[in-house]
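Listed here are the chains, written in short residue letters.
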Amino acid sequence: MKPYDAIRTRLARSPEAGAAAGFSVIFLVFALATPDTFLSHSAISSILNSQAVPGILAIGITLLMISGEFDLSVGSILGVSSLAFLYATVNGVPVLLAATIGLIVGCVLGLINGLLLVSTGIPSFIITLGTMLAYRAIPLTAISGGRIIRYADYSRESPVLEVPGLLVFVFSLALFFLVLWTARDIWRARNQSIKSKILVAAALLFVAYLVTGALIPHPLMSVKIDFFDALNGRIGTGNYRTSILWWIGLTSVFAIVLSQTRFGNAVFATGGNAQAARLQGIHIDRVRVTNFVISGFLAALAGIIQVARLKSVDPLRGTGLELEVIAAVVIGGTLLTGGYGSLIGSAIGTALTGMLRTGLVLMHVPSNAFRGAIGAIMIAAVVINNFVRKER
Amino acid sequence: MVLLELKNIGRRFGHIVALKGIDFTLEDGEILALLGDNGAGKSTLIKVITGVYPPSEGDMYFEDEVIRFNSPQDARDLGIETVYQDLALVPSMSIARNFYLGRELVKQVGPFTLCDQAAMDTGAASALGEIGIHIRNAGESVARLSGGERQSIAIARALHFGSRVLILDEPTSALSVGETRKVLGYITAAKEKGIGVIFITHNITHVFEVADRTTILSHGEKVGDFPICDVTQDDVAAMVMGQGIPEHLLIPCPNQSKRQ
């Protein structure tokens with residue numbers, strides 16, 4: 001095999017390789033064109049902060065797209081859930097309960113999408129186009145006259161979550177044993193690389209550090225958490241926000257679910273060849289409905305995380321987000337036809353679109369040209385992916 | 001030993017009679033060719049056996065016990081596996097993932113149940129090796145394999161997961177001559193493991209190469225059951241085309257018993 005072919009085969013095996021290459025090239029271009037501004041903490045943090053919300057949405061869209069489905073309604077679900085969360089909070093519902101209500105609303109709207117799909121057999125593109133419009137009507141009618149609901153109009157202080165000391169203690173202990181248990185199994189597993197063993201050791205040390213830090217100085221003391229800061233506050237004194245950690249954490253968890261679990265396998269099979277999957281005993285309808293619920297849940301979570309920073313909801317919250325996210329997922333190497341894709345690729349694709357937006361502004365390109373650039377890059381990504389995929 | 005027995009099976013779809021009064025048996029270690037023209041009722045009969053359609057009338061027995069399937073899963077649980085020509089594998093997934101699809105090998109990592117990819121890769125490679133299929137890499141995508149290789153993997157999978165009855169729906173219709181040879185070889189290998197094989201095909205030559213017996217359907221009714229040693233290719237072709245049983249076969253034949 002010629003080296004060129006070998007590289008092509010390698011690239012074709014990992015869906016995210018194309019996005020990673022594209023990301024590197026665009027990063028280099030911006031870094032060379034505007035080194036002082038682009039390589040600053042303020043630019044990088046602004047890119048990551050703005051992409052955390054679309055990045056979380058991209059997880060659900062990717063799962064759905066790999067299973068052969070499509071969700072245009074995530075922007076509307078995000079809007080409805082944000083409204084439900086903030087409306088409950090400003091009306092005196094405890095903040096954790098309000099967040100739970102918001103998440104349940106997201107799950108239910110996703111469930112409606114999924115049940116409509118499996119009961120009617122209409123393509124999900126049409127169904128979610130319909131629910132995108134229908135769900136949008138909820139905030140449009142509930143918030144009359146284009147008003148904006150602002151948290152500041154109701155309360156001056158951020159909602160605070162007070163966790164009893166005993167709960168903190170039990171939770172830390174449980175977490176500690178969970179990590180210990182998992183680490184033991186990974187350590188014992190056959191043919192594990194040194195790299196993964198070092199990772200396990202590092203994770204263990206980190207948790208031991210957290211637990212000793214949390215427990216020993218203040219045994220059984222209650223902890224006060226600023227709810228908005230936990231979801232989307234500044235990390236330390238820098239410009240980076242906790243929403244980035246939620247994005248990375250959720251992407252990691254779902255990446256493991258997708259690549260390492262039986263459910264993940266079923267998602268790939270359902271999108272790759274639904275009939276073959278069904279004949280092997282996979283409940284393809286259950287997989288599809290589950291993915292719609294996950295997508296609705298993540299849209300709600302992203303909405304709540306966004307509210308935690310903006311502290312307001314307007315009736316058009318989330319409009320147009322779905323197309324940007326779908327573009328990012330496609331740039332990330334996931335096939336629109338299903339059966340092939342990667343969550344890491346989607347995260348890179350989301351970061352790439354954010355980088356493009358900020359980078360073009362820094363290069364003094366009119367901001368409206370951004371859409372053109374995204375469109376061109378998406379088409380280029382599909383062409384390149386189709387080319388390497390032949391060698392898969 | 002009789003594995004599968006159908007008595008007086010009928011199946012109607014509204015006013016249309018798809019199957020009528022079908023008696024059917026399959027023994028272990030037997031290759032039965034199920035023949036018939038398009039629309040003769042082969043597919044409907046297979047779907048009754050695999051639990052896709054419940055029969056409108058008649059009884060089914062598996063190892064002398066009455067069976068009633070509510071879903072294809074019930075048939076699979078008894079070890080009735082079907083290999084469909086195009087529907088067997090997911091092209092975008094690897095050989096190993098296809099092999100264990102729906103029956104993944106798992107490992108416990110703390111409280112989490114994860115797929116044991118390494119065990120599936122070696123398991124699939126060795127199971128395929130057992131029936132003489134040597135693959136380069138179990139992690140390779142099925143999309144890169146030829147039609148014959150895909151068919152072989154689907155058959156190997158059915159054999160590996162303890163199937164008692166293997167149903168092959170036109171397994172050779174899209175294959176080259178060399179690949180067909182191999183697939184026919186795997187069918188013989190399945191017979192040697194004591195599995196009852198139902199083999200649907202339009203290619204009468206293949207029937208005479210591997211089958212022990214043939215059941216011929218025409219317009220939803222059974223024309224007859226014939227040991228392959230008692231009939232010629234022309235007889236079979238005539239019956240498949242709906243010309244009835246040739247006269248010389250109506251005379252009782254001394255070696256009517258099944259060929260061993």
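Residues numbered from 1 in each chain as written. Chains lettered and ligands numbered in written order. Predicted model: local features only at pLDDT ≥ 70, side-chain atom pairs only at ≥ 80, totals over all residues.

Engineer: How should the overall build of chain B be read in this particular structure?
Structural biologist: Within chain B, the regular secondary structure consists of 9 helices and 12 strands. In terms of overall size, chain B behaves like a compact globule, its C-alpha atoms giving a radius of gyration of 19 Å where 260 residues would be expected to give roughly 18 Å. When the 260 residues of chain B are sorted by exposure, 42% land in the buried category. (Helix = DSSP H or I, 4+ residues; strand = E, 2+ residues; numbered from the N terminus. Rg over C-alpha atoms; globule rule 2.2 N^0.38 Å. Buried ≥ 20, exposed ≤ 12 C-beta atoms within 10 Å, placed from the backbone.)

Engineer: What's the story with the overall build of chain A in this structure? I'm lost.
Structural biologist: When helices and strands are tallied, chain A shows 17 helices and 4 strands. Relative to its length of 392 residues, chain A is compact, with a C-alpha radius of gyration of 22 Å against a globular reference of 21 Å. Dimensions of chain A, computed from C-alpha atoms along their principal axes, come out at roughly 65 × 60 × 55 Å. Burial statistics for chain A: of 392 residues in total, 42% are counted as buried. For chain A, contacts bridging at least 24 residues in sequence account for 78% of all contacts bridging at least 6. (Contact = placed C-beta atoms within 7 Å.)

Engineer: Explanation requested: the sheet that holds strand β2 (residues 16-27) of chain B in the structure shown.
Structural biologist: Each strand in a sheet pairs with another by means of backbone hydrogen bonds, the pair being arranged parallel or else antiparallel. Residues and elements named next belong to chain B. Reading across from one edge, β2-β1-β4-β5 is the order of the 4 strands in this open sheet, with antiparallel pairing throughout. Edge positions in the sheet fall to β2 and β5 (65-67), since each has one partner strand and no second. The mean inter-strand angle of the sheet, taken between neighbouring strand axes irrespective of direction, is 25 degrees. As paired strands, strand β1 (residues 2-13) and strand β4 (residues 57-62) are joined by 5 bridges and run antiparallel to one another. What sits directly across from L4, in β4, is F62. On top of the sheet, helix α1 (residues 42-49) reaches β1 and β2; it is set at about 60 degrees to β2, its chief contact. (Pairing = 2+ DSSP bridges. Axes fitted to C-alpha atoms, helices over the stretch in contact; angles between N-to-C directions.)

Engineer: Explain the interface of chain B and chain A here, please?
Structural biologist: For interface size, the figure often reported is the accessible area lost on association. Contact with chain B, which involves 25 residues of that partner, is made by 24 residues of chain A. Counting only elements with at least two residues in the side of chain B that touches chain A, the list comes to α2 (72-77), β7 (106-109) and β8 (112-115) of chain B. Residue contributions to the side of chain B that touches chain A peak at 3 residues, all from β7 of chain B.

Engineer: Looking at this structure, how should I read the packing of helix α5 (residues 74-90) of chain A against helix α7 (residues 124-142) of chain A?
Structural biologist: Relative placement of two packed helices is described by the angle separating their axes and the distance separating the axes. All names here are of chain A. Look at α5 against α7: their axes get within 8 Å of each other, and the N-to-C directions meet at 30 degrees. By the angle class used here, α5 and α7 are roughly parallel. Two packed elements cross with a definite hand, and for α5 against α7 that hand is left-handed. Residues G75, S76, I77, G79, V80 and L83 of α5 form the contact with α7, whose own contacting residues are M132, Y135, R136, I138, P139 and A142. (Parallel < 35°, antiparallel > 145°, perpendicular 65-115°, else oblique. Left-handed = near helix turned anticlockwise from the far one by under 90°.)

Engineer: Honestly, helix α15 (residues 321-331) of chain A in this entry has me stumped. Any pointers?
Structural biologist: Counting along an α-helix, one turn takes 3.6 residues, and residues three or four places apart therefore face a common direction. Residues and elements named next belong to chain A. A large share of α15 lies buried, amounting to 10 of its 11 residues. Listed as buried for α15 are L321, E322, E324, V325, I326, A327, A328, V329, V330 and I331. The first or second residue beyond α15 is G333, which carries a positive phi of 100 degrees.

Engineer: I keep staring at the sheet that holds strand β11 (residues 213-218) of chain B and nothing clicks. Help me out?
Structural biologist: All names here are of chain B. If you walk across this open sheet you meet the 6 strands as β6-β9-β10-β3-β11-β12, and the pairing is mixed. Each having just a single partner strand, β6 (80-83) and β12 (221-227) make up the two edges of the open sheet. Averaged over all neighbouring strand pairs, the angle between strand axes comes to 20 degrees, with direction disregarded. Bridge count between β11 and β12: 6 bridges; the pairing is antiparallel. In the sheet register, R213 faces β12, and the bridge partner there is P227.

Engineer: Honestly, helix α11 (residues 242-260) of chain A in this entry has me stumped. Any pointers?
Structural biologist: Residue and element names in this part refer to chain A. The end-to-end C-alpha separation of α11 is 27 Å, in line with the 27 Å expected for 19 residues at 1.5 Å each. All of the buried residues in α11 are T242, S243, W246, W247, L250, T251, F254 and L258. Here the buried face of α11 lies against α4 (41-66), α10 (227-232), α12 (262-272), α14 (284-310) and α16 (343-362). (Expected span 1.5 Å × (residues − 1).)

Engineer: Sorry, what's going on with unusual backbone geometry here?
Structural biologist: Generally, phi is negative for residues other than glycine and the peptide bonds are trans, each holding for most cases. Residues and elements named next belong to chain B. In this structure, E63 is a non-glycine residue whose phi angle is positive, near 50 degrees. Relative to the helices and strands, E63 is located in the loop between β4 and β5. For E63, a count of 13 C-beta atoms within 10 Å puts it in the partly exposed group. A positive phi angle, near 50 degrees, is found at H219, a position not held by glycine. Within the fold, H219 resides in the loop between β11 and β12.

Engineer: What should I look at first to understand the packing of α5 of chain A against helix α6 (residues 95-120) of chain A in this one?
Structural biologist: All names here are of chain A. Interaxial distance between α5 and α6 falls to 8 Å at its minimum, and their mutual angle equals 155 degrees. Judged by the inter-axis angle, α5 sits roughly antiparallel to α6. In the packing of α5 onto α6, the handedness of the crossing is right-handed. Here I77, V80, S81, A84, F85, A88 and T89 of α5 lie close against α6, whose contacting residues are V95, A98, A99, I101, G102, V105, G106, L109 and G110. A per-class count over the contact of α5 with α6 returns 11 nonpolar, 5 polar and no charged. (Nonpolar A, V, L, I, M, F, W, Y, C, P; charged D, E, K, R; others polar.)

Engineer: What am I meant to see in the pairing of β6 of chain B here?
Structural biologist: Successive residues of a regular strand alternate their side chains across the two faces of the sheet. All names here are of chain B. The alternating pattern of β6 places I80 and T82 and E81 and V83 on opposite faces, both of which are buried. Inspection of the sheet shows β6 paired to strand β9 (residues 165-169) by 4 bridges, in the parallel sense. The partner of T82 across the bridge, within β9, is I167.

Engineer: I'm lost on the environment of E57 of chain B in this one. Help?
Structural biologist: All names here are of chain B. Secondary-structure assignment places E57 in strand β4. Judged by the 13 C-beta atoms lying within 10 Å of it, E57 is partly exposed. Setting aside residues up to four positions removed in sequence, E57 forms contacts with N8 and G10.

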